Amino acid sequence: FMEYVPLGSVPSLTTSIGAFARFTGLGVNSSLTAVGFLWNVADALARYHCNPPATTASAAPPEAGAGASPPTLGAQVEELWVQIFMHLRALAVDARPEVRNCAVKSLTSALLSHGRKVGTACYRRCLQDILIEVLAEIQEAAQRARNGEGPGVERTRSESLIVHHSRDTPEKQWDETMVLGVEGVRRVLGNFAEEAGVRAFAPLAYMLLLQVQATLRSLTAEVSGS
């Protein structure tokens, strides 16, 4: 039904889906379904609302003496892309590992599938302000889990159990999410390099290297060695 949804209604739709995905009262499966809906909205934007370059180039210039023109359709669509990706960014640090891993994968897949349709400037913005920032936020959450401050560690502490090294602890779950995030950024950055060229690619690659360096220092020896 997305082809019939006006662009002006998409922000309300994505906000509702994002809130539904973050809600924990209906179980993990409902949240995973909502993450899938966010992907569907992104796919629908690419399919029904991304104009081909020829349409944008042939747009009529503003009349002389006219005031500030309203945002173009392309600019509106770009902001909608960013909004969807911001919801996925928030879900990428969800306390539930299944939800955050699904969000990281969906964010990566959406950028790989549709990044070239949003334009180089928007693609760079999504990489720099969303995807790379996700790595920093995941790293902070993983560090809190190691310090016993994150959600999911209280029960383990209160049980006073001897935890086997192979147990799927909150720390290991966050490390797994971090590995997914780093791999996702690497893939998207490679795709962006083909689109934007070396000049735009180099600063983002340097940011990624700095983030990976900080991440490797914080990961458990088992994960960083792999």
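The structure contained in this document is the topic of the report that follows. (Residues numbered from 1 in each chain as written. Predicted model: local features only at pLDDT ≥ 70, side-chain atom pairs only at ≥ 80, totals over all residues. Heavy atoms only, no water.)

**Things to note about the overall build of the protein**
Counting its regular elements, the protein contains 10 helices and 0 strands. Going residue by residue from the N terminus, the α and β elements of the protein occur as α-α-α-α-α-α-α-α-α-α. Within the protein, the fraction of its 226 residues that count as buried is 38%. Residue pairs at least 24 apart in sequence account for 77% of intrachain contacts in the protein once pairs closer than 6 positions are excluded. Put simply, the protein shows about 12,300 Å² of open surface, and 57% of that area lies on carbon and sulfur atoms. (Helix = DSSP H or I, 4+ residues; strand = E, 2+ residues; numbered from the N terminus. Buried < 20%, exposed > 50% of the residue type's maximum accessible area, 1.4 Å probe, protein only. Contact = heavy atoms within 4.5 Å. Areas by Shrake-Rupley, 256 points an atom, 1.4 Å probe, with all protein chains shown as cover.)

**Focus: the side chain of Arg96**
Mapped onto the fold, Arg96 is located in the loop between α4 (73-91) and α5 (97-114). Accessibility expressed as a relative area gives 13% for Arg96, which makes it buried. The contacts of Arg96, once residues within four sequence positions are left out, are Ala21, Arg22, Phe23, Thr24, Gly27, Val28 and Ser31.

**Details of the environment of Pro170**
Inspection of the secondary structure assignment puts Pro170 in helix α8 (residues 170-196). Once the C-alpha coordinates of Pro170 and Arg146 are considered, the two residues, 24 residues apart in sequence, prove to be 7.9 Å apart.

**Considering a nonpolar patch on the surface**
On the surface, Phe20, Phe23 and Leu26 cluster together into a nonpolar patch covering about 300 Å² of accessible area. Tracing the sequence through the fold places Leu26 in the loop between α1 (10-22) and α2 (28-49). (Patch = residues over 30% accessible without salt bridge, like charges linked within 9 Å, V, L, I, M, F, W, Y side chains within 5 Å. Salt bridge = Lys/Arg side-chain N within 4 Å of Asp/Glu carboxyl O.)

**Looking at the packing of α5 against α8**
When two helices pack together, their arrangement is given by the angle between their axes and by how far apart the axes lie. In contact at an axis separation of 9 Å, α5 and α8 are set at 5° when each is read in the N-to-C sense. As far as their axial angle goes, α8 and α5 are roughly parallel. Within the contact between the two elements, α5 uses Pro97, Arg100, Asn101, Val104, Lys105, Thr108, Leu111 and Leu112 and α8 uses Gln173, Trp174, Glu176, Thr177, Leu180, Gly181, Gly184, Arg187, Val188 and Asn191. Residues that form the contact of α5 with α8 fall into these classes: 7 nonpolar, 7 polar and 4 charged. (Axes fitted to C-alpha atoms, helices over the stretch in contact; angles between N-to-C directions. Parallel < 35°, antiparallel > 145°, perpendicular 65-115°, else oblique. Nonpolar A, V, L, I, M, F, W, Y, C, P; charged D, E, K, R; others polar.)

**Remarks on the packing of helix α6 (residues 120-146) against α8**
At a minimum axis separation of 9 Å, α6 and α8 run at an interaxial angle of 165°. The angle between α6 and α8 places the two elements in the roughly antiparallel class. The element α6 and its partner α8 pack so that their crossing is left-handed. The class makeup of the residues in the contact of α6 with α8 is 18 nonpolar, 6 polar and 5 charged. (Left-handed = near helix turned anticlockwise from the far one by under 90°.)

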